Amino acid sequence: IRTIGVLTSGGDAQGMNACIRAVTRSALNKGIRVMGIRKGYNGLLRGDIVEMTAGSVADIIHRGGTILYTARCPEFLEPDNQKRASEMCKVFGIDGLVVIGGDGSFRGAKDVSKFGINVVGIPGTIDLDIACTDYTIGFDSAVNVVMDAISRLRDTSASHERCSVVEVMGRHCGEIALWAGLATGADAIMIPEDKESADFERVVRIILENRARGKNHNIIIVSEGVGGSQELAKRIHEVTGIDSRTTILGHIQRGGRPTALDVKHASMMGVYAVELLAKGETDRVVAYKNGQYVDYDIDEALAMHRDVSMDIWKANVDISTY
Ligand code: ADP
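Residues numbered from 1 in each chain as written. Predicted model: local features only at pLDDT ≥ 70, side-chain atom pairs only at ≥ 80, totals over all residues.

Asker: Tell me what's going on with the UniProt feature "binding site: ATP" (unreviewed entry) in the protein, and back it up with residues and numbers.
Answerer: Within this structure's numbering, the places UniProt gives as "binding site: ATP" (unreviewed entry) are Gly-11, Arg-72, Cys-73, Gly-102, Asp-103, Gly-104 and Ser-105. Despite a sequence span of 95 residues, these residues sit close together in the fold, their greatest C-alpha distance being 13.8 Å. If you trace the backbone, Gly-11 turns up in the loop between β1 (3-8) and α1 (16-29). For Gly-11, a count of 21 C-beta atoms within 10 Å translates into the label buried. Excluding residues within four positions of it along the chain, Gly-11 makes contact with Thr-125 and Ile-126. Along the chain, Cys-73 falls in the loop between β3 (49-52) and α3 (79-91). In this structure Cys-73 comes out as buried when scored by C-beta crowding, with 22 C-beta atoms within 10 Å. Apart from residues lying up to four places away in sequence, Cys-73 is in contact with Gly-40, Tyr-41 and Asn-42. (UniProt positions renumbered as here; feature names shortened; annotations may be inferred. Helix = DSSP H or I, 4+ residues; strand = E, 2+ residues; numbered from the N terminus. Buried ≥ 20, exposed ≤ 12 C-beta atoms within 10 Å, placed from the backbone. Contact = placed C-beta atoms within 7 Å.)

Asker: Account for the site of the ligand, naming residues and giving values.
Answerer: The environment of the ligand is made up of 18 residues, and the closest members are Gly-10, Gly-102, Gly-104, Ser-105 and Gly-108. Among the elements that line the shell around the ligand, the one with the most residues is helix α4 (residues 103-113), at 6 residues. A breakdown of the residues in the shell around the ligand according to their chemical character gives 5 nonpolar, 9 polar and 4 charged. (Near = placed C-beta within 6 Å. Nonpolar A, V, L, I, M, F, W, Y, C, P; charged D, E, K, R; others polar.)

Asker: So what about the sheet that holds strand β9 (residues 244-248)? Which residues, and what values?
Answerer: Strands sit in the order β7-β8-β6-β9 across an open sheet of 4 strands; the sheet is parallel. The two strands at the open ends of the sheet, each matched to only one other strand, are β7 (188-190) and β9. The mean inter-strand angle of the sheet, taken between neighbouring strand axes irrespective of direction, is 20°. Sheet strands in contact with helix α6 (residues 175-184) are β6 (163-168), β7 and β8 (218-223), and its direction is about 165° off that of β8. (Pairing = 2+ DSSP bridges. Axes fitted to C-alpha atoms, helices over the stretch in contact; angles between N-to-C directions.)

Asker: An account of the packing of α1 against helix α9 (residues 260-278) is requested, with residue identities and associated values reported.
Answerer: Two quantities define a packed helix pair, namely the angle between the helix axes and the distance between the axes. Two elements in contact, α1 and α9, have axes whose closest approach is 7 Å; the angle formed by their N-to-C orientations is 35°. Read as a crossing pair, α1 and α9 show a hand that is right-handed. Between α1 and α9, the contacting residues are Ala-18, Cys-19, Ala-22, Val-23, Ser-26 and Ala-27 on the first element and Val-263, Ala-266, Ser-267, Met-269, Gly-270, Val-271, Ala-273 and Val-274 on the second. (Left-handed = near helix turned anticlockwise from the far one by under 90°.)

Asker: Can you explain the confidence of the model for the protein? Please cite residues and give values.
Answerer: Put simply, the protein has an average pLDDT of 97, and 100% of its residues get 70 or more. The ipTM, which scores confidence in the relative placement of chains, is 0.98 for this predicted complex, and the corresponding pTM is 0.98. (pLDDT = per-residue confidence, 0-100.)

Asker: Describe the sheet that holds strand β10 (residues 284-289), naming the residues involved and giving the relevant values.
Answerer: Sheet strands line up and pair through hydrogen bonds in the backbone, either parallel or antiparallel. If you walk across this open sheet you meet the 7 strands as β3-β2-β1-β4-β5-β10-β11, and the pairing is mixed. The strands lining the two open edges of the sheet, one partner per strand, are β3 and β11 (292-297). When the angles between neighbouring strand axes are averaged without regard to direction, this sheet yields 25°. For β1 and strand β2 (residues 33-37), the ladder comprises 4 bridges, and the chain directions are parallel. Among the inter-strand pairings, Ile-4 is bridged to a residue of β2, identified as Val-34. α1 contacts β1, β2, β3, β4 (96-101) and β5 (118-123) of the sheet and is inclined by roughly 180° relative to β1.

See the structure below:
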């Protein structure tokens, strides 16, 4: 491999910059040139590509977002465009590509590799929704933002004896809700993977029971994939008369300084990806599994299934009963 291209694709996540830095510096130190591809696959199609130096990635290790920008690129589903992207790689001398993103981005990488470019994916998403890995870059930072926000909400909701309904991100995956719920002592956690957890009447019952035992405020976490967080607060108010407010945390969950855990994984995975390309490997996804960095074939990784952490949900039921 002579030249590695690096891009971020799909939703941004804290730690992506640390990963870009790791890819860039470790490749340069191996004598490999590095090209930064901007705006995900859009930039690859349009040739929005800049040469990276050690200095290009200075002072970004602690910053959220991605200096390379990110985007969704629906045109990339068309095989003609995938071929064009591989031709653009050749124009810039790129023979290895590192794609930091989620499952969709890995599918795009696989398509580029069909035209002779070596590709490696790195899991970057706050959602922790990639089956082949126990960790995705951005998750810990997002959960910590939620924790911080809820600790503020707790002060005000306790003072007013309210019920706080908090909607968190995660798309179809409940992991952010589960971790944040456990970490903030939520009365209930509602996730899309489990029907029982997402049942309004169950949550109303928990609130009534906890109030009857003397608890004077409540926190309910609703994962984005469950939806209906505004309606839930209304329902709680209707049935219990308790003042209930919904807070949708939204994009603040994606911003801010990455945690140490995110920077660590981002850096290690970046170095690992460059090592794979340097060895001539292609069609791999870097993963963190059972405490170790490993890699899988992209298709194999995409076919994997992982159950959401119901152990967290069950533990929270045990310890949130007042
Ligand atoms: P994520 O990578 O976080 O899963 P998306 O699913 O939005 O995010 O995918 C990001 C981008 O990857 C898409 O906008 C598209 O450019 C590309 N992509 C997604 N799915 C495919 C696919 N099946 N084939 C080729 N490219 C894809």
